[in-house]
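So you can see what is in the structure, the chains are spelled out below.
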Amino acid sequence: MNKFLKLIVRNSQAPIWYSRATNRSLFSNTHTNHVKTGVRFSSSASTMKVTILGGGGNVAKSVALMLKQTPLIDEVCLYDTKSLEGFAADLNYIDTKCKVTSYLGPKDIQHALSKATVVVVFACCQHSDSFTYSNLFDKNAPIVKDLAGHISKYAPKSLIAIGAEPINSMVPMFSEVMKKHGNYNPCTIFGVTTIDVVRTNRFVAEVLGLDPECVTVPVIGGHSEKTIVPVLSKAAPCNELTNKELEDITNSVRQADDNLMKIRSDGAYLSYGFSTARFVLALVKAAKGHCDVVECAFVKSNVHPQLKYMVTPLVLGPGGVVKNFGVPTLSDYEECLLENAIPLLAEDIKKGEFVGGRPMRMVDGVMQPKPICDPCDPNPKAPRCPPNHCELQSLFADKPC
């Protein structure tokens, strides 16, 4: 078994959520003794705070509920442009030590982000029958771009988990905004793609007749139907799959959202919530110094010569990415999948970088470049138009002309 698979298996055996009565994971048979009964919890300088931006959505609320159950987190903070006071109060009735707070609107976003170790970014729209994957970017980009500016100002050293779709473009866009604010750290920005791993594990376990909690399959590539590449040849503990089973599992993972929407129009927010919470908890464990925390995520990397960003297995630590395992040895079938995904993924990345690097505006429901200046604007305070093309390009390009 490859080293990164051993680490993934070891990490997957760690408890995720806990029952106070039994001191064991609610979703695993693994026992733990992290919490002693009869201990009074108190605040300290090392408080573990997780802030969820866009906390009013179904996925975000599911994440908050699951994170409320772990003793590893002291505070889950919810932020949205609509009041979540009632939802936070409801969660606080749950008898666990983690407290839930909520903040409303731009005037309170500084308080929401202050002292956050992990920041989770959601937006208003998820993949559903109303918003397809192709037009989600135009709806969510302005929201995430604005949130990125606030994070850069109030929580620049936090570990950032981006759950806003489409991940393939959102992470590059977010990164460009952080660069503009001078607080860019590629090791701390993650596109959450854990749902693809969770689904792959489940489908492989079903085909092989195994316990899903014992199955681990790395997933690489991107996070859209034609860019997800499950590396089934590296499935553990067993990868004895026929060619038909390989194709069926791959198609099931790639088409899971569309298949679910045929019977549920509001999308897969429960499984997305579960998988996002699992990744956030991995970041929390890493921030606390736990060893061998491994998850797959969409990050900035140079592991493939044609891609600036890619999903790969990662070792996580207090500062974010400790090690990128890169692209494992692939079968011919997986090589073909990745080769077909590269041009699509590269185009998604390019779109995100462009929008993140220059001002944008919504025109007829579509994101369009915002004019940098208007030579006919009579307002003396209006932005001055550059005298030549090179100066114009320098306003939004990484390198001067």
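Residues numbered from 1 in each chain as written. Predicted model: local features only at pLDDT ≥ 70, side-chain atom pairs only at ≥ 80, totals over all residues. Heavy atoms only, no water.

(A) Structural detail: the overall build of the protein chain. Scanning the protein chain for helices and strands turns up 12 helices and 15 strands. Across the 401 residues that make up the protein chain, the buried fraction comes to 50%. In the protein chain, of all internal contacts separated by at least 6 residues, the share reaching a separation of at least 24 is 66%. Only carbon and sulfur atoms are counted for the fraction: they give 52% of the accessible area of the protein chain, which is about 19,000 Å². (Helix = DSSP H or I, 4+ residues; strand = E, 2+ residues; numbered from the N terminus. Buried < 20%, exposed > 50% of the residue type's maximum accessible area, 1.4 Å probe, protein only. Contact = heavy atoms within 4.5 Å. Areas by Shrake-Rupley, 256 points an atom, 1.4 Å probe, with all protein chains shown as cover.)

(B) The pairing of strand E3 (residues 49–53), seen in detail. Taking burial as the measure, the 5 residues of E3 include 5 buried ones, the bulk of the element. The side-chain alternation of E3 yields two buried faces, one formed by Lys 49, Thr 51 and Leu 53 and the other by Val 50 and Ile 52. Note: E3 against strand E4 (residues 75–80), 5 bridges, orientation parallel. In the strand pairing of E4, Lys 49 is matched with Glu 75. Regarding topology, helix H2 (residues 58–67) serves as the crossover connection from E3 to the parallel E4, and that connection is right-handed. Summarising the sheet, E3 and strand E6 (residues 118–121) pair through 4 bridges and their orientation is parallel. Note on E6: the bridge partner recorded for Leu 53 is Val 121. (Pairing = 2+ DSSP bridges. Right-handed = clockwise from strand over helix to strand, strands pointing away.)

(C) Highlighting the environment of Met 170. Its location among the elements puts Met 170 in helix H6 (residues 167–180). Judged by its relative accessible area of 0%, Met 170 falls in the buried class. As a C-alpha pair, Met 170 and Gly 191 span 21 residues in sequence and 8.0 Å in three-dimensional space. With residues near it in sequence (within four places) discarded, Met 170 still touches Phe 137, Asn 140, Ala 141, Val 144, Ile 162, Ala 164 and Glu 165.

(D) Quick look at helix H8 (residues 243–254). Relative to the 16 Å expected for 12 residues at 1.5 Å per residue, H8 spans 17 Å between its end C-alpha atoms, a close match to the ideal helical length. Along H8, the residues that are buried comprise Leu 246, Ile 249, Thr 250, Val 253 and Arg 254. The buried side chains of H8 occupy one side of the element, clustering within an arc of 130 degrees when seen end-on. Buried-residue contacts for H8 involve helix H7 (194–208), strand E10 (228–230), helix H9 (256–261) and helix H11 (332–357). (Expected span 1.5 Å × (residues − 1). Arc of directions from axis to C-beta.)

(E) Main features of the pattern of salt bridges. Taken as a whole and assessed by the stated rule, the structure comprises 8 salt bridges. Residues Arg 202 and Glu 206 are paired through a salt bridge, measuring 3.8 Å at the closest nitrogen-oxygen approach. Separated by 4 residues within a single helix, Arg 202 and Glu 206 lie in helix H7, roughly one turn from each other. A relative accessible area of 42% means that Arg 202 is categorised as partly exposed. (Salt bridge = Lys/Arg side-chain N within 4 Å of Asp/Glu carboxyl O.)

(F) Looking closely at empty space enclosed by the protein. One pass over the structure, following the stated rule, counts 1 cavity of 30 Å³ or more. Every residue lining the largest cavity is counted, 11 residues in all, and those nearest its centre are Gly 163, Glu 165, Val 192, Tyr 272 and Thr 276. Along the lines of polarity and charge, the residues of the lining of the largest cavity split into 6 nonpolar, 4 polar and 1 charged. (1 Å grid on protein atoms, 1.4 Å probe; cavity = no way out; pocket = protein on both sides within 12 Å on 5 of 7 lines; lining within 4 Å. Points joined across faces, edges and corners; volume = space filled by probe spheres on them. Nonpolar A, V, L, I, M, F, W, Y, C, P; charged D, E, K, R; others polar.)

(G) Structural detail: the packing of aromatic side chains. This structure, assessed with the given rule, holds 2 aromatic pairs. Ring plane angle 20 degrees and centroid distance 6.0 Å describe the contact between Phe 298 and Tyr 309, whose orientation is recorded as stacked. Here Phe 298, found in strand E11 (residues 293–304), pairs with Tyr 309, found in strand E12 (residues 307–317); they are 11 residues apart in sequence, far enough to count as distant. With respect to burial, Phe 298 and Tyr 309 carry one shared label: buried. The ring of Tyr 184 is capped by Lys 179, whose NZ or CZ atom sits 5.2 Å from the centre of that ring. (Phe/Tyr/Trp six-rings, centres within 6.5 Å; stacked < 30°, edge-to-face > 60°. Lys NZ or Arg CZ within 6 Å of the ring centre and 35° of its normal.)

(H) Geometry of the environment of Ile 349. Mapped onto the elements, Ile 349 comes out in helix H11. By relative accessible area, Ile 349 is classed as buried at 4%. Taking the C-alpha atoms as reference points, Ile 349 and Met 170, separated by 179 residues in sequence, lie 8.3 Å from one another. Filtering out sequence-adjacent residues up to four positions away, Ile 349 remains in contact with Asn 168, Pro 172, Phe 298, Leu 307, Lys 308 and Tyr 309.

(I) A look at the side chain of Lys 68. By the element assignment, Lys 68 lies in the loop between H2 and E4. Buried charge Lys 68 goes without a salt bridge, the closest partner of opposite sign being Asp 95 at 7.0 Å. Side-chain polar atoms of Lys 68 contact the side chain of Thr 96, separated by 2.5 Å. For Lys 68, the contacting residues outside a window of four places in its chain are Leu 91, Asn 92, Ile 94, Thr 96, Cys 98 and Val 100. (Lys, Arg positive; Asp, Glu negative; His and termini not counted. Polar contact = N/O pair within 3.5 Å; in protein donor to acceptor, adjacent residues only side chain to side chain.)

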